[in-house]
Amino acid sequence: MTDLNRRDFLKMSGAAAVSINLPDAPTAPTAPQAPKAPQAPISLVRIGMVGIGLQGGSHLENFLKSPGCRVTAVCDIREERTTWAQQQITAAGHPSPAVFARGPRDFERLCETADLDLVFTATPWEWHVPVMLAAMKAGRHAATEVPAAMTVDDCWAIVESAEKHARHCVMMENCNYDRPEMAVLNIVQQGLLGEVLHAEGGYLHDLREIKFEKKDEGLWRRAWSRKLDGNPYPTHGLGPIANCLDINRGDRFDYLVSMSGPSRGLHDWAREHFPEGAPERSERFVLGDVNTSLIKTARGKTIVVQHCTNLPRPYSRIQTVQGTKGIYEGYPNRLYIEGRGTPHRWTDLAAVRDEFDHPLWKAIEKQAAGAGHGGMDYIEDYRLIQCLREGTPTDMDVYDAAALSAVVELTMQSTTKRSRAVDVPDFTRGRWRTNPRLKISGDLSA
Ligand SMILES: NC(=O)c1ccc[n+]([C@@H]2O[C@H](COP(=O)([O-])OP(=O)(O)OC[C@H]3O[C@@H](n4cnc5c(N)ncnc54)[C@H](O)[C@@H]3O)[C@@H](O)[C@H]2O)c1
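Residues numbered from 1 in each chain as written. Predicted model: local features only at pLDDT ≥ 70, side-chain atom pairs only at ≥ 80, totals over all residues. Heavy atoms only, no water.

Here we take up the overall build of the protein chain. When helices and strands are tallied, the protein chain shows 15 helices and 15 strands. Taking 22 Å as the expected radius of gyration for a compact globule of 446 residues, we find that the protein chain reaches 21 Å, a close match to that expectation. Reported as C-alpha extents along the three principal axes, the dimensions of the protein chain are approximately 60 × 60 × 45 Å. Within the span of the protein chain, comprising 446 residues, buried residues form 57% of the whole. Put simply, 75% of the contacts in the protein chain that link residues at least 6 apart link residues at least 24 apart. Looking at the protein chain as shown, the accessible area adds up to about 18300 Å², and 51% of this sits on carbon and sulfur atoms. Measuring between centres, the 53 positive side-chain charges of the protein chain sit 2 Å from its 56 negative side-chain charges. (Helix = DSSP H or I, 4+ residues; strand = E, 2+ residues; numbered from the N terminus. Rg over C-alpha atoms; globule rule 2.2 N^0.38 Å. Buried < 20%, exposed > 50% of the residue type's maximum accessible area, 1.4 Å probe, protein only. Contact = heavy atoms within 4.5 Å. Areas by Shrake-Rupley, 256 points an atom, 1.4 Å probe, with all protein chains shown as cover. Lys, Arg positive; Asp, Glu negative; His and termini not counted. Charge placed at Lys NZ, Arg CZ, Asp CG, Glu CD.)

For the structure on display, the rule yields 12 aromatic pairs. Ring geometry for Trp-125 and Tyr-233: centres 5.6 Å apart, planes at 25 degrees, overall stacked. Of the two residues, Trp-125 sits in the loop between strand S4 (118-121) and helix H5 (128-137) while Tyr-233 sits in the loop between helix H9 (221-227) and helix H10 (235-244), which places them 108 residues apart along the sequence. Exposure class is identical for Trp-125 and Tyr-233. Each is buried. Relative to Phe-285, the ring of Phe-212 has its centre 6.2 Å away and its plane inclined at 85 degrees; by these criteria the two rings are edge-to-face. On the criterion of sequence distance, the pair formed by Phe-212 in the loop between helix H8 (208-211) and H9 and Phe-285 in the loop between helix H11 (265-273) and strand S9 (291-297) is long-range, its members being 73 residues apart. Classification of Phe-212 as buried rests on a relative accessible area of 6%. Across the ring face of Tyr-378, the terminal group of Lys-65 is positioned such that the distance to the ring centre comes to 5.0 Å. One residue, Arg-334, lies across the ring of Trp-346, its end atom 4.6 Å from the ring centre. (Phe/Tyr/Trp six-rings, centres within 6.5 Å; stacked < 30°, edge-to-face > 60°. Lys NZ or Arg CZ within 6 Å of the ring centre and 35° of its normal.)

For the rest of this paragraph, the subject is the sheet that holds strand S1 (residues 45-50). Reading across from one edge, S3-S2-S1-S4-S5-S6 is the order of the six strands in this open sheet, with parallel pairing throughout. A single partner strand is all that each edge strand has here, and the edge strands are strand S3 (98-100) and strand S6 (169-171). The average angle at which neighbouring strand axes cross in this sheet is 25 degrees, direction not considered. Here S4 pairs with strand S5 (residues 141-144) via four bridges, running parallel. What sits directly across from Leu-118, in S5, is His-141. (Pairing = 2+ DSSP bridges. Axes fitted to C-alpha atoms, helices over the stretch in contact; angles between N-to-C directions.)

Our next topic: helix H2 (residues 54-65). Residues three or four positions apart in an α-helix share a direction because the helix packs 3.6 residues into each turn. Between its terminal C-alpha atoms H2 stretches 17 Å, which fits the 16 Å expected from 12 residues at 1.5 Å a residue. The complete set of buried residues in H2 reads Gly-56, Gly-57, Ser-58, His-59, Leu-60, Asn-62, Phe-63 and Leu-64. Contact partners of the buried residues in H2: S1, strand S2 (69-75), helix H3 (79-91), S4 and helix H14 (376-390). (Expected span 1.5 Å × (residues − 1).)

On a regular strand, one side chain projects to one face of the sheet and the next to the other, so that they alternate. Of the two faces of strand S13 (residues 334-337), the one lined by Leu-335 and Ile-337 is fully buried and the one lined by Arg-334 and Tyr-336 carries no buried residue. Bridge count for strand S12 (residues 326-329) against S13 is four bridges, and the pairing is antiparallel. Considered in S13, the bridge of Ile-327 is made with Tyr-336. Counted between consecutive antiparallel strands, the loop separating S12 from S13 contains four residues, among which Tyr-331 sits at a positive phi close to 55 degrees. With two bridges joining them, S13 and strand S14 (residues 347-348) adopt antiparallel strand pairing. Bridging from a neighbouring strand, Arg-334 pairs with Asp-348 of S14.

Running from N to C, helix H7 (residues 179-189) and helix H13 (residues 359-368) cross one another at 150 degrees; their axes reach a closest spacing of 9 Å. Viewed along their axes, H7 and H13 adopt a mutual orientation that is roughly antiparallel. Contact residues: Arg-179, Met-182 and Asn-186 in H7; Pro-359, Leu-360, Trp-361 and Glu-365 in H13. Broken down by class, the residue content of the contact of H7 with H13 amounts to four nonpolar, one polar and two charged. (Parallel < 35°, antiparallel > 145°, perpendicular 65-115°, else oblique. Nonpolar A, V, L, I, M, F, W, Y, C, P; charged D, E, K, R; others polar.)

Turning next to the site of the ligand. Near the ligand lie 25 residues; those nearest to it are Gln-55, Asp-76, Arg-78, Trp-125 and Glu-217. At a separation of 2.8 Å, an oxygen atom of the ligand approaches a polar backbone atom of Gln-55. Between an oxygen atom of the ligand and a side-chain N or O atom of Asn-174, the distance comes to 2.9 Å. Surface burial for the ligand is 93%, taken as the share of its 840 Å² of free accessible area covered by protein chains. Of the residues contributing to the shell around the ligand, the split by class is 12 nonpolar, eight polar and five charged. (Near = heavy atom within 4 Å. Polar contact = N/O pair within 3.5 Å; in protein donor to acceptor, adjacent residues only side chain to side chain.)

Spatially, nine strands are ordered S14-S13-S12-S11-S7-S10-S9-S8-S15 in an open sheet, and the strand pairing comes out mixed. The open sheet has two free edges, formed respectively by S14 and strand S15 (422-423), since each of these has just one partner strand. Where H10 meets the sheet, it contacts strand S7 (196-204), strand S8 (253-260), S9, strand S10 (302-308) and strand S11 (320-323), and its direction lies at approximately 160 degrees from that of S7. Set on the sheet, helix H15 (residues 398-415) makes contact with S8, S9 and S15; between it and S8 the angle comes to about 50 degrees.

Along the chain, the position of Tyr-315 falls in the loop between S10 and S11. The residues contacting Tyr-315, other than those within four sequence positions of it, are Tyr-203, Leu-204, His-205 and Tyr-331.

The subject of this paragraph is the pattern of salt bridges. Throughout the structure, instances matching the rule amount to 24 salt bridges. Of the charged contacts, one joins Asp-357 and Arg-179 as a salt bridge, the two residues approaching to 2.6 Å between their closest N and O atoms. Placement of Asp-357 in the loop between helix H12 (353-356) and H13 and of Arg-179 in helix H7 is noted, with a sequence separation of 178 residues between them. We note that Asp-357, like Arg-179, is buried. (Salt bridge = Lys/Arg side-chain N within 4 Å of Asp/Glu carboxyl O.)

Below, the discussion takes up the confidence of the model for the protein chain. In this model, the protein chain carries a mean pLDDT of 92, and residues with pLDDT of at least 70 account for 92%. Taken as a whole, residues 1-28 scores under 50 in pLDDT and shows 37 contacts with residues more than four places along the chain or in a different chain. (pLDDT = per-residue confidence, 0-100.)

One finds Ile-47, Leu-110, Ile-158, Leu-238, Phe-253 and Phe-427 to be the most contacted residues of the largest nonpolar core, which totals 115 residues. Of the residues forming this core, the biggest block, 11 residues, is contributed by H15. If we skip the residues at most four places from it in the chain, Ile-47 touches Phe-63, Cys-69, Arg-70, Val-71, Thr-72, Ala-73, Leu-116, Leu-118, Phe-120 and Ile-385. Residues Phe-212, Trp-269, Ala-270 and Phe-285 belong to the second largest nonpolar core, which totals seven residues. (Core = buried A, V, L, I, M, F, W, Y, C linked by side-chain atoms within 4.5 Å.)

Okay, structure coming up:
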């Protein structure tokens, strides 16, 4: 176990004793702000990729197809992955990247020595923050896979670093860019659901087989199910509904309560799939198979967020958005807008897609075809590069990364304290009141 892992593990397992003592949000911001104002445009964005496993490899392929960027450095603890990346990059006709494969902290050398604008990490969860802090300290923008951080302290650390170094720090929440989610955002931003009062999201995905694999996520993800009871992976469900509720841009998460049921699924799976005497059969898990949390926003709205990755079930992110004039529900995708369609009956989203498709999806559909997770991963990567090239604020900023990721530790705190209400820090320090509403451009001209 590395020092970092041990520190995080101790923090996690002692969470019941951890108390968060944060100042109330001031009415006027006192701290510097991470880049929101226009930055100098970067004509060709040079990217250093850290962690080139399943998801990192998929991002790499997207960047090779995206205009205006080059992957100039690659880092992984497994040399076969840096070699694979090098082959992909040169096969695409780009110069061979600098390679960093000298162990788990070699990303520090990448951040300090390579010619880079952006460091992009798709490492296991425990490495996201160290990589981003090293990147920002060295003057690079940072982007990470989800969740950005696993503790509230680490959420503050990325906020403070982004402010101090005036660098972007973006959590790559690909579900914000999925076609139905973007259509819902479009519907909400046109006011068709009225005032949004309630939303629900989740990550309900049977990962039992993946968690027990002897490769890829099996090497690290199951370990979190042994040390964390709460919601370790809230952002896929929360990201899109947070955008519909203008979180950090007119509203913010205020407090939450969380509750987990028993932990059975991984134990049962191990007993069914491993022979007598196999060490997996005696592993002990603490992550409740179903974790449900309620978040109250400062404007009084309510959110339900759920996590379930240890039980047999079809995939869902729930995706409910309910307003004063109508409602959208995902899985299957349907909506009801008062005064349209048949009263009291759902309309299939597919039947009205042409009307509500987000302009970005209409513009980019062909380029995104075939990319990871139905194309949404290409679109999120495209948007990140587009914003850096234009010098405009990124869609998601460090405050979003912190607010969404803080839910990991806060749900754990609430769960382990009989579902007591836990305050969500205001990472924007009051700016949520005046920040403008998110606008995701559909203009591909840059
Ligand atoms: N957004 C999504 O839909 C989605 C899907 C899958 C995974 N993810 C996220 O992507 C990240 C990676 O997941 P994955 O499925 O690709 O896992 P993976 O295990 O396939 O890949 C992780 C890679 O990081 C490398 N690595 C580990 N420690 C490192 C270090 N210190 N320095 C450099 N490289 C290191 C590993 O060798 C491996 O190649 C996780 O944060 C996960 O939550 C997101």
